[in-house]
Protein chains: 2
Amino acid sequence: MSAAEETPGGEDMPWGEVTPEAARRLLVAAVEAFAERGYHATTTRDIAGRAGMSPAALYIHYKTKEELLHRISRIGHDKALEILRAAAAGDGTAAERLADAVRSFVRWHAERHTTARVVQYELDALGPEHRAEIVELRRRSDATVRGIIDEGVAAGEFEVPDVAGTTVAVLSLCIDVSRWFNVQGRRSPDEVGALYADLVLRMVGAQK
Amino acid sequence: MSAAEETPGGEDMPWGEVTPEAARRLLVAAVEAFAERGYHATTTRDIAGRAGMSPAALYIHYKTKEELLHRISRIGHDKALEILRAAAAGDGTAAERLADAVRSFVRWHAERHTTARVVQYELDALGPEHRAEIVELRRRSDATVRGIIDEGVAAGEFEVPDVAGTTVAVLSLCIDVSRWFNVQGRRSPDEVGALYADLVLRMVGAQK
DNA sequence: TCCGCCTCTAAGCGCTTGCTCACCCTCGTT
DNA sequence: AACGAGGGTGAGCAAGCGCTTAGAGGCGGA
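In what follows, the accompanying structure is described. Worth saying up front: this structure is predicted, and the values here are computed from it rather than measured.

## So, the protein's contact with DNA strand C
Alright, step 1. Neighbouring residues of DNA strand C: 16 residues in total, closest S54(A), I60(A), T43(B), Y59(B) and K65(B).
Alright, step 2. Sugar and phosphate atoms constitute 52% of the interface atoms of DNA strand C, taking the interface as everything within 4 Å of the protein.
Alright, step 3. Note that a phosphate oxygen of DNA strand C is positioned 2.8 Å from one of the side-chain N or O atoms of K65(B).
Alright, step 4. Mapped by element, the contributors of at least two residues to the surface near DNA strand C are helix 3 (58–61) of chain A together with helix 2 (44–50) of chain B.

## As for the pattern of salt bridges
Alright, step 1. Per the counting criterion, the structure on display carries 38 salt bridges over all chains.
Alright, step 2. Residue E36(B) is joined to R50(B) by a salt bridge in which the shortest nitrogen-to-oxygen separation is 3.1 Å. With E36(B) in helix 1 (residues 21–37) and R50(B) in helix 2, this pair connects stretches of sequence that are 14 residues apart.
Alright, step 3. Here the residues in one salt-bridge network are E32(A), E36(A), R37(A), D46(A) and R50(A), joined through shared partners.

## Focus: empty space enclosed by the protein
Residue and element names in this part refer to chain A.
Alright, step 1. Under the defined criterion, the tally for this structure stands at one cavity of 30 Å³ or more.
Alright, step 2. As a volume, the largest cavity reaches approximately 50 Å³.
Alright, step 3. If you trace the largest cavity, you find it lined by L84, L98, A101, V102, F105, V145, I148, V170, L171 and C174.
Alright, step 4. Looking at the lining of the largest cavity element by element, the count peaks at four residues for helix 5 (residues 94–111).

## Thoughts on the packing of helix 8 (residues 163–175) of chain A against helix 10 (residues 189–203) of chain B
Alright, step 1. Relative to each other, helix 8 of chain A and helix 10 of chain B sit at 65 degrees, their axes nearing to 11 Å. On the basis of the axis angle, helix 8 of chain A is roughly perpendicular to helix 10 of chain B. Seen along the crossing, helix 8 of chain A lies across helix 10 of chain B with a hand that is right-handed. Of the residues in helix 10 of chain B, those touching helix 8 of chain A at G165(A), T166(A), A169(A) and S172(A) are L195(B), Y196(B) and L199(B).
Alright, step 2. Residue classes in the contact of helix 8 of chain A with helix 10 of chain B are distributed as four nonpolar, three polar and no charged.

## With respect to the nonpolar core
Alright, step 1. Ranked by size, the top nonpolar core spans 80 residues in total, and within it Y196(A) and Y196(B) carry the most contacts.
Alright, step 2. If near-sequence neighbours (up to four positions away) are discounted, Y196(B) is found in contact with A169(A), S172(A), V102(B), V106(B), L173(B), V177(B) and W180(B).

## What to know about the packing of aromatic side chains
Residues and elements named next belong to chain A.
Alright, step 1. Within the structure shown, the criterion is met by seven aromatic pairs over all chains.
Alright, step 2. Here W180 and F181 contribute two aromatic rings whose centre-to-centre distance is 6.3 Å and whose plane-to-plane angle is 50 degrees, an arrangement assigned as tilted.
Alright, step 3. On the accessibility criterion, W180 (26% relative accessible area) is partly exposed.
Alright, step 4. Each member of the aromatic cluster is reached from another via a ring pair, and the members are W180, F181 and Y196.
Alright, step 5. Sitting over the face of the ring of Y39, K65 holds its NZ or CZ atom 4.6 Å from the ring centroid.

Thresholds, definitions, all that
Residues numbered from 1 in each chain as written. Chains lettered and ligands numbered in written order. Predicted model: local features only at pLDDT ≥ 70, side-chain atom pairs only at ≥ 80, totals over all residues. Heavy atoms only, no water. Near = heavy atom within 4 Å. Polar contact = N/O pair within 3.5 Å; in protein donor to acceptor, adjacent residues only side chain to side chain. Helix = DSSP H or I, 4+ residues; strand = E, 2+ residues; numbered from the N terminus. Salt bridge = Lys/Arg side-chain N within 4 Å of Asp/Glu carboxyl O. 1 Å grid on protein atoms, 1.4 Å probe; cavity = no way out; pocket = protein on both sides within 12 Å on 5 of 7 lines; lining within 4 Å. Points joined across faces, edges and corners; volume = space filled by probe spheres on them. Axes fitted to C-alpha atoms, helices over the stretch in contact; angles between N-to-C directions. Parallel < 35°, antiparallel > 145°, perpendicular 65-115°, else oblique. Left-handed = near helix turned anticlockwise from the far one by under 90°. Contact = heavy atoms within 4.5 Å. Nonpolar A, V, L, I, M, F, W, Y, C, P; charged D, E, K, R; others polar. Core = buried A, V, L, I, M, F, W, Y, C linked by side-chain atoms within 4.5 Å. Buried < 20%, exposed > 50% of the residue type's maximum accessible area, 1.4 Å probe, protein only. Phe/Tyr/Trp six-rings, centres within 6.5 Å; stacked < 30°, edge-to-face > 60°. Lys NZ or Arg CZ within 6 Å of the ring centre and 35° of its normal.

So this is what it looks like as structure tokens:
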């Protein structure tokens, strides 16, 4: 991870890798706008306006509106995959690692739900080759989760009749958090993460 | 249920309640287009073209493009709520009724996933008062599922620490089927329904 | 001081959008 | 045969879209 992604305090700064600063401001503005209204309903004038710039400024940093979406989607999917892999590479039991994966994955989808919403639901707005690139990243996320479940089954920790189907369900459950999560709601990202980790352990039949 | 929704054979005909026939053709075309490309990316010319009509014909039957979306969303949510309530009103144990609800709800989201995708993911494109009407229907779906889980807990069938959170998770899991389900995929709607019913019973800690 | 480079703006081009309007065609009824 | 009603069309309007271009302004190095 590059130093630009972290503040001196150690907390990680989202979009820290996007430079120069004007390009980052435009990208952050685009994330907000896409999350609120969807890609197609968002105008380049709206994005530029939120970033405090003229419409033409956008095209200095990005070739097209679709390139903006692709950059957002790429960075977001990289981050999501990194989260899952970090949990999978931990040294606990399969149950501990699965719970950890779900907890941190869900927390990310709740905390950064505007980003996640764009990343997860605006995939169809990408052009064919950009979409193919992103789909490949998702395949790897799927493989990472399936790996943990496979290991749990092999170790006798889990009891799962349909590993592929259960993997899809687990990821689907986590991803959909970004759709319904509301900052003003009753639950914090941590609480949702804990709840979902528990639910997923039940789904795989992990003895408590 | 009105007779217009059923063919003489007894199988139910989707959109049977929409008349006259030209209005139904337009609505079916709109569902396809909205599901494929999203509401905002779909043009009125595209909808009319799919229905084999001129762009102006749309405005004989619908005041605006948004009214089309509202009609689709309203009918779809009515159907979804009807499915859940039918299962909830059954006479088995709470576990049987919950499994039945999930099975039929998921089957609908898989079988009619183009409709479901529009109904579940294009909500934000509705105007404020139309959206409020639909949100109220969703609240009732939530209450129906929560009711079954409450009864299961009261009867000692389930062991659920967080009923509200688990209800959200169950509905979220089912709804998201419409996003990833693929007709060319390996699983039939029935198979996904059965898998998900099993997973949900595990989530609520129903003894098998 | 002057230059070249980069960022950003004002203006606007070509096109598409949701929607309208004047008119036509096809009916069942008289 | 004449009529009224209602579903349908071709053409097109005003507005808004993604994107381009000519040029202004600021800044570091010679």
